[in-house]
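# Summary of structural features
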2 protein chains.
Amino acid sequence: MSAEIIDGKAVAARVRADVAREVAEFRAATGRQPGLATVLVGDDPASAVYIGGKRKACVEAGMADLHQHLPADTAQDKVAALLDELAVDPAVSGILLQLPVPAGLDGAALIERIPSGKDVDGLTTASVGLLARGLPGLRPCTPSGIIELLDAYDVPLAGTPTVVVGRSELVGRPVSQLLIARNATVTVCHSHTRDLAEVCRGADVLVVAAGRQAIIGADAVKPGATVIDVGMHRTEQGLRGDVDFPAVREVAGRLTPVPGGVGPMTIALLLRNTLLAARAAAGLS
Amino acid sequence: MSAEIIDGKAVAARVRADVAREVAEFRAATGRQPGLATVLVGDDPASAVYIGGKRKACVEAGMADLHQHLPADTAQDKVAALLDELAVDPAVSGILLQLPVPAGLDGAALIERIPSGKDVDGLTTASVGLLARGLPGLRPCTPSGIIELLDAYDVPLAGTPTVVVGRSELVGRPVSQLLIARNATVTVCHSHTRDLAEVCRGADVLVVAAGRQAIIGADAVKPGATVIDVGMHRTEQGLRGDVDFPAVREVAGRLTPVPGGVGPMTIALLLRNTLLAARAAAGLS
């Protein structure tokens, strides 16, 4: 029996259509337009592609593209000054500093200048603290996108034995917290975990964000489990994930492909975060 | 076979003696004395007892007792103003606002005024964010005390299947993160967990912070496991924990008693946090 393939492209398109509709309602109700200030320092080609995709999606959702581009040799205090301006600019709902920044700049210190109300990437210490405390705040996009995917396929989470492989700041840790907040019973695995396959076989929901290609094979998957693959590796055969897709497909109940699974959700949730930030700034819930 | 009883009183006494020695070294090296500002609003008898114990321990460790007592009817902005003064006072290494504050005051908002460098309880959003990100910062006392107990008994954590029962802000969540940072494989359980006993039986280290008396019986403990009981319930038979002590004692390899297990560690770690804060403020590591 072959797993149902979770269609991240389709779910992301629905989220983006919902956001576009809600942006139109927001504009009609408030007379204001949500705006996303993407900040790119330097000319890294990959970063330029990522930023381009975010800007295009932003415009398609009816939000203002308030992109800022600084030369690669911009000094730390100049980048900080720009972020501080954006922080107080009422036209700016969300701020996204594209990482990595050029060598010589302290990206972590720059990120901390973004106020939590505009932190649409959910990366500042304040946003991370709000998530860890279970308080309202903007959540990081990829972890939120994973929850959105699970919800789109009606995967039950409350009381569900769930395993997260990986404890990265960007995905593993925050998705674990979001899953715990949804009342899943969550086990966090990592490079020190003994008998990873056995631990994973206990999961009805398995989220793999290990950053190691094909680390999860069929022996690590409970028959019928839902498997979310956050990995993204460029190989000669094309993009591959952390999951051995052909093998796991024969065991899992549902499975995300790479590409076309988690990937498209990240931009969709960035748009939703920008709308949420605009709403909160306007005093709407 | 009966479990080894983990002697929290003895470990706490060692930590406090270590802190006292290091405070003396700090004073000799810098000419400054670490100081703890406990803040009590009102006259709740239980709070007065807790604060009294903290102040006494502070003096015994050679640190300055900078206690502040405000009447129960103090307005929010007056308490806030006091906390702001303490925040900039160089004699104050650490600030502890005793909770709960009287009805009518917003304790959560008051706590947030404590700068993370003086947040010896580790309760502010900033401190929680630093812990969740794995960055340096002051950690909450009871969770740190649990790690200290495990270390005192040479309990291996790296790669160890570990279960935490409870996801409270004060204990469950932060101790899970501390255990993950120590490379344990951590499962977080809570009221929605299915077959709690079975999940717990998978643990070599079991930390119980559920807040429900005797929720963990012998059937929930792997033979030889180390069991840490964070519960504290006043009963007609005396203080009891979240673990059925007589039954679990016959199965576990090591077990904390209630009282005399985790309890004494909390004040010991508060003292250590105050010293760490004083060192950081003095530019020492």
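Definitions and cut-offs
- Residues numbered from 1 in each chain as written.
- Chains lettered and ligands numbered in written order.
- Predicted model: local features only at pLDDT ≥ 70, side-chain atom pairs only at ≥ 80, totals over all residues.
- Heavy atoms only, no water.
- Buried < 20%, exposed > 50% of the residue type's maximum accessible area, 1.4 Å probe, protein only.
- Helix = DSSP H or I, 4+ residues; strand = E, 2+ residues; numbered from the N terminus.
- Pairing = 2+ DSSP bridges.
- Right-handed = clockwise from strand over helix to strand, strands pointing away.
- Contact = heavy atoms within 4.5 Å.
- Buried area = accessible area lost by both parts, 1.4 Å probe.
- Salt bridge = Lys/Arg side-chain N within 4 Å of Asp/Glu carboxyl O.
- Polar contact = N/O pair within 3.5 Å; in protein donor to acceptor, adjacent residues only side chain to side chain.
- Nonpolar A, V, L, I, M, F, W, Y, C, P; charged D, E, K, R; others polar.
- Least-squares fit on C-alpha atoms with pLDDT ≥ 70 in both.
- Axes fitted to C-alpha atoms, helices over the stretch in contact; angles between N-to-C directions.
- Parallel < 35°, antiparallel > 145°, perpendicular 65-115°, else oblique.
- Left-handed = near helix turned anticlockwise from the far one by under 90°.
- UniProt positions renumbered as here; feature names shortened; annotations may be inferred.
- Expected span 1.5 Å × (residues − 1).
- Domains from an automatic or database assignment.

What follows concerns the pairing of strand 7 (residues 185–189) of chain A. Buried residues dominate strand 7 of chain A, accounting for 5 of its 5 residues. Burial of the side chains of strand 7 of chain A extends over both faces: Thr185, Thr187 and Cys189 of chain A are buried on one face and Val186 and Val188 of chain A on the other. Bridge count for strand 6 (residues 161–165) of chain A against strand 7 of chain A is 5 bridges, and the pairing is parallel. Within strand 7 of chain A, the position partnered with Val165 of chain A by the bridge is Cys189 of chain A. A crossover links strand 6 of chain A with its parallel partner strand 7 of chain A, the connecting element being helix 7 (residues 172–181) of chain A, and its sense is right-handed. Examined bridge by bridge, strand 7 of chain A and strand 7 (residues 185–189) of chain B share 3 bridges and lie antiparallel to one another. When the bridges of strand 7 of chain B are listed, Val186 of chain A appears paired with Val188 of chain B.

With that settled, consider the interface of chain A and chain B. A common way to express how large an interface is: the accessible area buried when the components associate. With 32 residues of chain A in contact, the opposing surface of chain B contributes 32 residues. Roughly 2600 Å² of surface becomes buried between chain A and chain B when both sides are summed, with 46% attributable to carbon and sulfur atoms. It is Thr125, Arg133 and Arg194 of chain A in chain A that bury the most area against chain B; as a group they hold 24% of the surface buried on that side. Viewed at the interface, chain B and chain A are joined by 6 salt bridges. Counting every contact that joins chain A to chain B gives 25 residue pairs in polar contact (both at pLDDT 80 or more). Those elements that provide at least two residues to the side of chain A that touches chain B are helix 5 (125–133), helix 7 and strand 7 of chain A. Within the side of chain A that touches chain B, the residues separate by chemical class into 13 nonpolar, 12 polar and 7 charged.

Moving on: the relation of the copies chain A and chain B. Least-squares fitting of chain A to chain B yields an RMSD of 0.0 Å, with the transformation described by 0.0 Å of translation along the axis and a rotation of 180°. Both copies are brought into coincidence by an operation consistent with a two-fold rotation axis.

All names here are of chain B. At a minimum axis separation of 8 Å, helix 6 (residues 141–152) and helix 7 (residues 172–181) run at an interaxial angle of 40°. Looking at the two axes, helix 6 sits oblique to helix 7. Crossing handedness for the pair helix 6 and helix 7: right-handed. Contacts between helix 6 and helix 7 involve Pro143, Ser144, Ile146, Ile147 and Leu150 from the former and Pro174, Val175, Leu178 and Leu179 from the latter. Considered class by class, the residues forming the contact of helix 6 with helix 7 number 8 nonpolar, 1 polar and no charged.

Right, let's get into the UniProt feature "domain: Tetrahydrofolate dehydrogenase/cyclohydrolase catalytic" (unreviewed entry) in chain A. If you check UniProt for "domain: Tetrahydrofolate dehydrogenase/cyclohydrolase catalytic" (unreviewed entry), the listed places come out as residues 6–121 of chain A in our numbering. Taken end to end, residues 6–121 of chain A comprises 49% helix and 14% strand; its first and last C-alpha atoms sit 24 Å apart.

A few words now on unusual backbone geometry. Following Val258 of chain A, the chain continues to Pro259 of chain A via a peptide bond in cis, the omega torsion being 0°. We note that Ala214 of chain A has phi near 55°; this positive angle belongs to a residue other than glycine. A positive phi angle, close to 70°, is found at Asn183 of chain B, a residue other than glycine.

What follows is about the UniProt feature "domain: Tetrahydrofolate dehydrogenase/cyclohydrolase NAD(P)-binding" (unreviewed entry) in chain A. Residues annotated in UniProt with the feature "domain: Tetrahydrofolate dehydrogenase/cyclohydrolase NAD(P)-binding" (unreviewed entry) correspond here to residues 140–280 of chain A. In residues 140–280 of chain A, the share of helix is 35% and the share of strand is 18%. The end C-alpha atoms are 17 Å apart.

All names here are of chain A. Helix length check: helix 10 (residues 263–281), at 19 residues, gives a terminal C-alpha distance of 28 Å against a target of 27 Å (1.5 Å per residue), a fit within 8%. Those residues of helix 10 lying buried are Met265, Ala268, Leu269, Leu270, Leu271, Asn273, Thr274, Leu275, Ala277, Ala278 and Arg279. Against helix 1 (8–30), strand 2 (35–41), helix 2 (45–60), strand 5 (94–97) and helix 6 (141–152) lie the buried residues of helix 10.

In terms of domains, chain A is made up of domain 1 (30–115) and domain 2 (140–263). Taking the mean C-alpha position of each, domain 1 of chain A and domain 2 of chain A sit 30 Å from one another.

Attention now moves to helix 1 of chain A. Residue and element names in this part refer to chain A. With 23 residues, helix 1 extends 32 Å from end C-alpha to end C-alpha; this agrees with the ideal 33 Å at 1.5 Å per step. Along helix 1, the residues that are buried comprise Gly8, Val11, Ala12, Val15, Val19, Glu22, Val23 and Phe26. Buried residues belonging to helix 1 abut helix 6 and helix 10. Here helix 1 starts with a cap whose side-chain oxygen sits 3.2 Å from the backbone nitrogen of Lys9, and that cap is Asp7.

Residue and element names in this part refer to chain A. Two elements in contact, helix 6 and helix 10, have axes separated by 8 Å at closest approach and are oriented at 105°. Relative to helix 10, helix 6 is oriented roughly perpendicular. Facing Cys141, Thr142, Ser144, Gly145, Glu148 and Leu149 of helix 6, the residues of helix 10 in contact are Met265, Thr266, Leu269, Leu270, Arg272 and Asn273.

Proximity of charged atoms lets side chains of opposite charge pair with each other. Applying the stated criterion across every chain yields a total of 28 salt bridges over all chains. For Glu60 of chain A, the salt bridge is made with Arg16 of chain A, and the minimal N-O distance between the two is 3.0 Å. Here the residue Glu60 of chain A occupies a position in helix 2, and Arg16 of chain A occupies one in helix 1, the gap between them amounting to 44 residues. Judged by relative accessible area, Arg16 of chain A falls into the partly exposed class, the value being 26%. Here Arg272 of chain B and Glu148 of chain B are joined by a salt bridge, their closest N and O atoms 2.9 Å apart. One end of the pair, Arg272 of chain B, is in helix 10 (residues 263–281); the other, Glu148 of chain B, is in helix 6, and 124 residues separate them in sequence. Taking the relative accessible area as the measure of exposure, Glu148 of chain B reaches 23% and is therefore partly exposed. One connected set of salt bridges, linked through shared partners, spans Arg16, Lys56 and Glu60 of chain A.

It is worth spelling out the sheet that holds strand 1 (residues 4–5) of chain B at this point. The sheet built from 12 strands is open, its strands ordered 1(A)-12(A)-9(A)-8(A)-6(A)-7(A)-7(B)-6(B)-8(B)-9(B)-12(B)-1(B) with mixed pairing. Both edges of this open sheet fall to strand 1 (4–5) of chain A together with strand 1 of chain B, since each of them pairs with a single strand only. Pairing geometry for strand 8 (residues 205–208) of chain A and strand 9 (residues 226–229) of chain A, over 4 bridges, is parallel. The residue bridging Val207 of chain A from the neighbouring strand is Ile228 of chain A, located in strand 9 of chain A. Running over the sheet, helix 7 of chain A touches strand 6, strand 7 and strand 8 of chain A together with strand 7 of chain B and is turned about 170° from strand 6 of chain A.

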